[in-house]
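Each chain, written out:
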Amino acid sequence: MPALTPAELFARLAELGIETRTVEHPPVFTVAESQAVIEALPGGHTKNLFLKDKKGNLFLVVVGQDVPVDLKSLHGPLGAASRLSFGSAELLEEVLGVKPGSVTAFGPVNDTGGRVGVIIDAGLMEHETINCHPLVNTATTSIARDDLVRFLRATGHEPRILAVPRRQEVDADAASGAA
């Protein structure tokens, strides 16, 4: 089954009675490039990690755009078979139907085989509105937090809400012993 287009995604959301607001913008590939969009749209903005373990289990981890995820310990809370690595561009397109730079919490709509587990950071869920790419990185769609969960459930993906482990940033002055 071919991946949905943004228009088909919006139609699916409308069928579920979910209201969204979408803003088009130049392509963004990094959080830094999306700063203007972040400032224009209130709510939580996402960073999405498409990860796999050595047994081929797949995970979509959705966190706030500025969360430094501790990939070395993330496998524990997820119950992964091993440490995690990023899934390839080919696997990403095969499973979620998106290209690198467009990974999104909406991607599971294309995972009709139920191959990916969806994890949403508890900190992101503190926002009433969550902003995600609508399957492409040339737009950002705002959706109510509870509607995002309802949408994911409608795709057959029960999201796990958990506190994603953060990487501890080492203060350079403290590490060097400087006062």
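Bear in mind that the values here come from a model prediction, so they are computed numbers and not experimental data.

Peer 1: Residue-level account of the layout of surface pockets, with values.
Peer 2: Reported here for the largest pocket is a volume of approximately 500 Å³. Forming the walls of the largest pocket are 27 residues, and the residues nearest its centre are Phe29, Thr46, Asn48, Gly101 and His133. Contributions of two or more residues to the lining of the largest pocket are made by helix H2 (35–40), strand S2 (44–52), helix H4 (89–96) and strand S6 (129–132). At six residues, S2 tops the list of elements feeding residues into the lining of the largest pocket.

Peer 1: Pulling in residues and values, what's your account of the packing of aromatic side chains?
Peer 2: This structure, assessed with the given rule, holds one aromatic pair. An angle of 80° between the planes, with centres 5.5 Å apart, marks the rings of Phe106 and Phe151 as edge-to-face. Note that Phe106 is positioned in the loop between H4 and strand S5 (116–121) and Phe151 in helix H5 (residues 145–154), a separation of 45 residues in sequence. Under the relative-accessibility criterion, Phe151 is labelled buried at 1%.

Peer 1: If you had to explain H4 to someone new, which residues and values would you point to?
Peer 2: Taken together, the buried positions of H4 are occupied by Leu91, Leu92, Val95 and Leu96. For H4, the buried positions fall inside an angular range of 100° around the axis, keeping them on one side. Opposite the buried face of H4, by more than 90 degrees, sit the exposed residues Glu90 and Glu94. Its buried side turned inward, H4 meets S2, strand S3 (58–64) and S5. One or two steps after H4, the chain reaches Gly97, where phi turns positive at roughly 70°.

Peer 1: Account for the nonpolar core, naming residues and giving values.
Peer 2: The tendency in soluble globular proteins is for nonpolar side chains to be buried as a group. Counting 30 residues, the largest nonpolar core has Phe50, Leu96, Phe106, Ile120, Leu148 and Phe151 as its most contacted members. Counting residues per element, the ones that place at least two in this core are helix H1 (6–15), S3, H4, S5, S6 and H5. Sequence-distant contacts of Phe50, that is, excluding residues within four places in its chain, are made with Leu58, Phe59, Ser85, Phe86, Gly87, Ser88, Leu91, Leu92, Val95, Leu96 and Val116. One finds Phe59, Leu78, Leu84 and Val164 within the second-largest nonpolar core, a separate group that totals 14 residues.

Calculation notes
Residues numbered from 1 in each chain as written. Predicted model: local features only at pLDDT ≥ 70, side-chain atom pairs only at ≥ 80, totals over all residues. Heavy atoms only, no water. 1 Å grid on protein atoms, 1.4 Å probe; cavity = no way out; pocket = protein on both sides within 12 Å on 5 of 7 lines; lining within 4 Å. Points joined across faces, edges and corners; volume = space filled by probe spheres on them. Helix = DSSP H or I, 4+ residues; strand = E, 2+ residues; numbered from the N terminus. Phe/Tyr/Trp six-rings, centres within 6.5 Å; stacked < 30°, edge-to-face > 60°. Buried < 20%, exposed > 50% of the residue type's maximum accessible area, 1.4 Å probe, protein only. Arc of directions from axis to C-beta. Contact = heavy atoms within 4.5 Å. Core = buried A, V, L, I, M, F, W, Y, C linked by side-chain atoms within 4.5 Å.

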